[in-house]
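Examination of the molecular architecture
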Number of protein chains: 2
Amino acid sequence: MIALNHTHDVDASSWVAAANAAGTDFPIQNLPYAVFRRTGSPQPFRGGVAIGDQVLDMAALSARQLLDGLALDAARAAALPALNDFFTLGGAAWRALRHAVFALLRDDAPAATMHAVRECLVPQAEVEYTVPARIGDYTDFYTSIDHALNISRLMNPEGDVTPNFRWIPTAYHGRVSTIGISGQRFHRPMGQTMAPGAEAPTYHACARLDYELELGIWIGEGNAAGEAIPLEHAEEHVFGICLLNDWSARDIQFWEMAPLGPFLAKNFATTISPWIVTMEALAPYREAWTRPANEPQPLAYLEGSANRESGAIDIRLEVWLESEKARSEGSGPSRLSRTSFRHQYWSVAQMVAHHTVGGCSLNPGDLFGSGTISGPGPGEAGAIIELARAAQDPVTLANGEQRGFLEDGDAVLLRGWCEKPGHARIGFGESRGMVLPAKG
Amino acid sequence: MIALNHTHDVDASSWVAAANAAGTDFPIQNLPYAVFRRTGSPQPFRGGVAIGDQVLDMAALSARQLLDGLALDAARAAALPALNDFFTLGGAAWRALRHAVFALLRDDAPAATMHAVRECLVPQAEVEYTVPARIGDYTDFYTSIDHALNISRLMNPEGDVTPNFRWIPTAYHGRVSTIGISGQRFHRPMGQTMAPGAEAPTYHACARLDYELELGIWIGEGNAAGEAIPLEHAEEHVFGICLLNDWSARDIQFWEMAPLGPFLAKNFATTISPWIVTMEALAPYREAWTRPANEPQPLAYLEGSANRESGAIDIRLEVWLESEKARSEGSGPSRLSRTSFRHQYWSVAQMVAHHTVGGCSLNPGDLFGSGTISGPGPGEAGAIIELARAAQDPVTLANGEQRGFLEDGDAVLLRGWCEKPGHARIGFGESRGMVLPAKG
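Keep in mind that this is a model prediction, so the values were computed, not measured.

What counts and how
Residues numbered from 1 in each chain as written. Chains lettered and ligands numbered in written order. Predicted model: local features only at pLDDT ≥ 70, side-chain atom pairs only at ≥ 80, totals over all residues. Heavy atoms only, no water. Axes fitted to C-alpha atoms, helices over the stretch in contact; angles between N-to-C directions. Helix = DSSP H or I, 4+ residues; strand = E, 2+ residues; numbered from the N terminus. Parallel < 35°, antiparallel > 145°, perpendicular 65-115°, else oblique. Contact = heavy atoms within 4.5 Å. Nonpolar A, V, L, I, M, F, W, Y, C, P; charged D, E, K, R; others polar. Buried < 20%, exposed > 50% of the residue type's maximum accessible area, 1.4 Å probe, protein only. Pairing = 2+ DSSP bridges. UniProt positions renumbered as here; feature names shortened; annotations may be inferred. Least-squares fit on C-alpha atoms with pLDDT ≥ 70 in both.

1. Thoughts on the packing of helix H2 (residues 69–78) of chain B against helix H4 (residues 91–105) of chain B
Between two packed helices, both the angle of their axes relative to each other and the distance between the axes serve to describe the pair. Residues and elements named next belong to chain B. Viewed as axis vectors pointing N to C, H2 and H4 meet at an angle of 95°, and their least axial separation amounts to 8 Å. With respect to each other, H2 and H4 are oriented roughly perpendicular. Judged by residue contacts, Leu70, Ala71, Ala74, Ala75 and Ala78 of H2 engage Ala92, Ala93, Ala96, Leu97 and Ala100 from H4. Of the residues contributing to the contact of H2 with H4, the split by class is 10 nonpolar, no polar and no charged.

Quick look at the structure:
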């Protein structure tokens, strides 16, 4: 089991009042990282830690006499416009800074400390965020069997996943250049599609635009090319987790993807949330990773006792859609689905071990997408193609509008949090992205 | 047609004697770029231009009073440890520096100029190279119909390409972190494969290791997200071309690739040549891009008169294999195949236009692989799986050894050049990579 410590104590509270409010995403037990600056400011972006409704500015903090040793080294690295150097420092440094920041923000901090730290706080309402690291490579996994089955059964009600799904944490390389931070707006993509029975494809705006509810997994320490990361050490290489929306053009995807996989169907936009919740903050919400006895058990390089004991994470997730009409009416977004990351067929550790088993190197700041997260129950699907059964059974929004796929002006919001009796509720903030009309 | 100018003049010669030798890859009409330093030196890597057996050091050159205006700006950018800033400057700057360097190296340069420039030369025998730009994203295309047909017909002698091949310049995103410069050595990858008829996969060292003869296409100027690059402007965004070996683990690929494409089968290593031959140097070797009348003609966004007139490039290519035994005997490498890039089904401009048509942004320093380059004739296949028909018909090397797939200790060499009556012969140098035993 992953060891808990005083930073997970449900009774800890902060002198930042909003951090103690019921339902906040950012209590003192969370302390996630983002890269931010005051909105519209010419100042460089810098790392910060969320506490309540504030951001603790790592550049300001590391310039004061409040930290020393490894925690100071870590804060200086986290003060840069990209977190890669901080990621490179590794787990001991990440923990040192977490524990130091926890002590500074806890309600028993000395008054002089509180006074000094308060000067390093910026209201979240006054900041803008950017992609928190230089992403070297982005890999998108495909690890929800419920998602894979839902897609398969759209074609064939008796359909199953491909034969390799139960053996391989399937993945493909994705596009870095179009990964944007929450607030991203993008034009509906143009592309080729082939109508059933047609002799030639046609070129037009995507007519089957979808989102995919995923988590983004940030690689902290890397590995050298040729040096596989064994399963039992895999999580030491993971810094933390954010929300990720893998926008998908289903009609373009359907025509282009055989034999080499999705390309233009995915590479026009991917939206991530600014806040990265650390693996240490997620420790209380770990669960056993299980594989039913009637399913194949993993090959040895994907098998280990720590993974069995705590490989799953109960991250609660929701997808909301706000149409242009709902926005203008002020009627608010509609919830499309809710599920948990605990249902994934493959764990984060298995993703890392598989990715490197052939010798592929990971670098600090690499990003994994978990793959669409769909749960087993009704209303737990992570993409609208599943919920609305490829537009055969449109989803009805709170204001009565219907959706088979996404329409122009639709904003999709992802939300995530962890909660568990005896532990704090910690949240991921939000990933929001919006569809603009095609430019074609 | 692409306009030629005096830098393409076959009669031009250089005061660097080796640049005028028959068969050199680097006459004054070529002037390709690499990033280099003296072997083992602590000096930073910097850009250089090949001339005969020398490298013209852009850092040294730009520090002297030999350039001005745009050419000086360009040389200063090309002096950095990565060529991204130089790429960003765009075509006018690239041309200005080419023309200035041509004048400095031409045999009619003033004696004082020759003396000053000579101090900026470093023998190629005394340098080491690195990957010449920070690669933001790497995209691997699949644009040789002869390669696609050869692979298809291994399964079914009547086989055809997938229905989308004739309509789409097919591509998928590849791995940046394991792209290495010529001289790269890598361990044979471990991975999962599924034997025919087996109930479960097994984990072992790749038994079907292959190379793929490709060209690497370097993106110069990028485009903003959402702004497609029209076909007629596509080549303005391309800086130049190098050799690229897309090492492939066929047994791992066969098992993993449905439905999302190749992943571990490709991401353990990709080897590129250090020298980037500019699109301007390639101008004399352009040819008409044609599509036989019995084949589908491209959709409008992939169709244009300039592409029809000169979209193809006659780059002659060869693959050589040097086994460990041949190396120890000193018997030298064996040529496995020869072909030309002129046979590709889709042109470079079509790759750029297709890649961006859905709004995907390209950045300076992005790299495309052309996809395996196989020609229509016997002995023109760009991968050993085609030449040896999946080991059914092994290739015999010059020393009598046979190869169905690659063995440990095998080095694969790619070579490329252009030649045409009335024009100089210009070359790409070499891409060399070597297979080490599995670490598993």
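So much for the structure itself; the text now carries on.
2. A word on the pairing of strand E26 (residues 426–436) of chain B
Residue and element names in this part refer to chain B. Counting buried positions along E26 yields 8 of 11 residues, so the element is predominantly enclosed. Alignment of strand E9 (residues 184–187) against E26, held across 4 bridges, turns out to be parallel. Its bridge partner lying in E26, Phe186 is registered against Val435. Note: strand E25 (residues 411–418) against E26, 7 bridges, orientation antiparallel. Following the sheet pairing, Ala411 is matched in E26 by Met434.

3. A short note on the UniProt feature "domain: Fumarylacetoacetase N-terminal" (unreviewed entry) in chain A
Per the UniProt record, "domain: Fumarylacetoacetase N-terminal" (unreviewed entry) is found at residues 29–132 of chain A. End C-alpha to end C-alpha, residues 29–132 of chain A measures 21 Å, and it is 42% helix and 22% strand.

4. Considering the sheet that holds E26 of chain B
The strands making up a sheet associate through hydrogen bonds between their backbones, and the pairing can be parallel or antiparallel. All names here are of chain B. Read from one edge of the open sheet, 5 strands run E9-E26-E25-E20-E21, paired in mixed fashion. In this open sheet, the two strands that pair with only one neighbour each are E9 and strand E21 (334–340). Across the sheet, the mean angle separating the axes of adjacent strands is 20° when strand polarity is ignored. In this structure, strand E20 (residues 316–322) lies alongside E21, joined through 6 bridges in antiparallel fashion. Of the residues in E21, the one forming a bridge with Trp320 is Arg335.

5. As for the sheet that holds strand E3 (residues 54–57) of chain A
Residues and elements named next belong to chain A. On the basis of which strands lie adjacent, the open sheet formed by 5 strands has the order E4-E3-E2-E1-E5 and antiparallel pairing. Lying at the two open borders of the sheet, with one neighbouring strand each, are strand E4 (121–123) and strand E5 (127–130). When the angles between neighbouring strand axes are averaged without regard to direction, this sheet yields 50°.

6. Looking at the relation of the copies chain B and chain A
Overlaying chain B on chain A yields an RMSD of 0.0 Å, the required transformation being a rotation through 180° with an accompanying axial translation of 0.0 Å. Taken together, the turn and the small shift mark the pair as related by a two-fold rotation axis. When each C-alpha of chain B is compared by its distance to the rotation axis, Gly261 of chain B comes out closest, at 2.1 Å. In this assembly, 100% of the residues forming the interface of chain B have copies in chain A that are likewise at the interface, indicating an isologous arrangement.

7. Brief notes about unusual backbone geometry
For residues that are not glycine, phi is negative in most cases, and the peptide bond is trans in most cases. Following Ala258 of chain A, the chain continues to Pro259 of chain A via a peptide bond in cis, the omega torsion being 5°. Structurally, Pro259 of chain A is set in the loop between helix H7 (250–256) and strand E16 (270–272). You will see that Ala391 of chain A, though not glycine, has its phi angle at about 70°, which is positive. Relative to the elements of secondary structure, Ala391 of chain A occurs in the loop between helix H11 (384–387) and strand E23 (395–396). In this structure, Arg389 of chain B takes a positive phi of about 45° despite not being glycine. Turning to its location among the elements, Arg389 of chain B is positioned in the loop between helix H12 (384–387) and strand E23 (395–396). With a relative accessible area of 38%, Arg389 of chain B lands in the partly exposed category.

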